[in-house]
Amino acid sequence: MRLMRRQAAAVAAVAAVAATAVAVALPSPQPAAAAGEKALAWTAVHRTGSPPEHPKEGDTWSVYADLQGPSGEPAGDGSAVCTVVLLRYEGVVAQCRYVLRGNDGTLVLESMENRFGRGPHRADAAVVGGTGAYAGAKGEVRLTIENRRTLYRVQLR
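All values reported here derive from a predicted model rather than from experimental measurement. (Residues numbered from 1 in each chain as written. Predicted model: local features only at pLDDT ≥ 70, side-chain atom pairs only at ≥ 80, totals over all residues. Heavy atoms only, no water.)

## What to know about the overall build of the protein
Stage number 1. Helix and strand counts for the protein stand at two helices and eight strands.
Stage number 2. Tracing the protein from N to C terminus, the helices and strands come up as α-α-β-β-β-β-β-β-β-β.
Stage number 3. For the protein, the proportion of its 157 residues judged to be buried stands at 32%.
Stage number 4. In the protein, once contacts between residues fewer than 6 apart in sequence are set aside, the share between residues at least 24 apart is 40%.
Stage number 5. Surface summary for the protein: the accessible area is close to 9,900 Å², and the carbon and sulfur share equals 57%. (Helix = DSSP H or I, 4+ residues; strand = E, 2+ residues; numbered from the N terminus. Buried < 20%, exposed > 50% of the residue type's maximum accessible area, 1.4 Å probe, protein only. Contact = heavy atoms within 4.5 Å. Areas by Shrake-Rupley, 256 points an atom, 1.4 Å probe, with all protein chains shown as cover.)

Rendered as structure tokens:
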């Protein structure tokens with residue numbers, strides 16, 4: 001009887017070690033998801049456009065810009081179209097759509113932004129789609145809107 005208990009305990013121990021080895025060898029779903037993410041850093045240098053000096057609800061403005069990569073290299077071009085949806089004493093709330101044409105595809109972003117005070121203004125935008133290398137893209141963007149440029153920190157999933 002004792003021998004059978006020892007054999008059973010030994011078999012259980014070997015099975016536990018084998019199960020642990022298999023679990024460690026199997027890939028975790030988390031790294032695969034992280035591996036599928038892509039980060040982009042672009043700066044848009046505004047060439048045309050600016051918000052109206054005395055905005056009213058419903059006013060729309062547009063901006064056209066040259067895109068630069070992280071080292072200042074040319075990376076494409078982009079545009080923004082924003083509409084004032086609420087006028088407040090601190091500034092405006094604007095709904096904006098951004099189209100960023102990179103060298104290997106286009107990203108489309110949507111945001112709702114508080115443009116209060118002189119800036120810089122910060123906002124989060126959703127990646128709502130794309131073309132080329134960004135076809136079907138989803139993700140989030142952190143925008144920093146300064147005087148004549150916008151910084152885009154894109155995290156694609």
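Next, the rest of the story.
## Quick look at the state of the cysteines
Stage number 1. Counting across every chain of the model gives one disulfide.
Stage number 2. Sulfur-sulfur distance for the disulfide between Cys82 and Cys96 comes to 2.1 Å. Taking the sign of the S-S torsion, about 120 degrees here, the bridge from Cys82 to Cys96 comes out right-handed. One end of the pair, Cys82, is in strand 3 (residues 74–88); the other, Cys96, is in strand 4 (residues 91–102), with 14 residues separating them in the sequence.
Stage number 3. Residue Cys82 is classed as buried on the basis of its relative accessible area of 1%. (Disulfide = S-S within 2.5 Å.)

## Regarding a nonpolar patch on the surface
Stage number 1. Taken together, the side chains of Val85, Leu86 and Met112 define a hydrophobic patch exposed on the protein surface, amounting to about 260 Å² of accessible area.
Stage number 2. Mapped onto the elements of the fold, Val85 is located in strand 3.
Stage number 3. A relative accessible area of 37% places Val85 in the partly exposed class. (Patch = residues over 30% accessible without salt bridge, like charges linked within 9 Å, V, L, I, M, F, W, Y side chains within 5 Å. Salt bridge = Lys/Arg side-chain N within 4 Å of Asp/Glu carboxyl O.)

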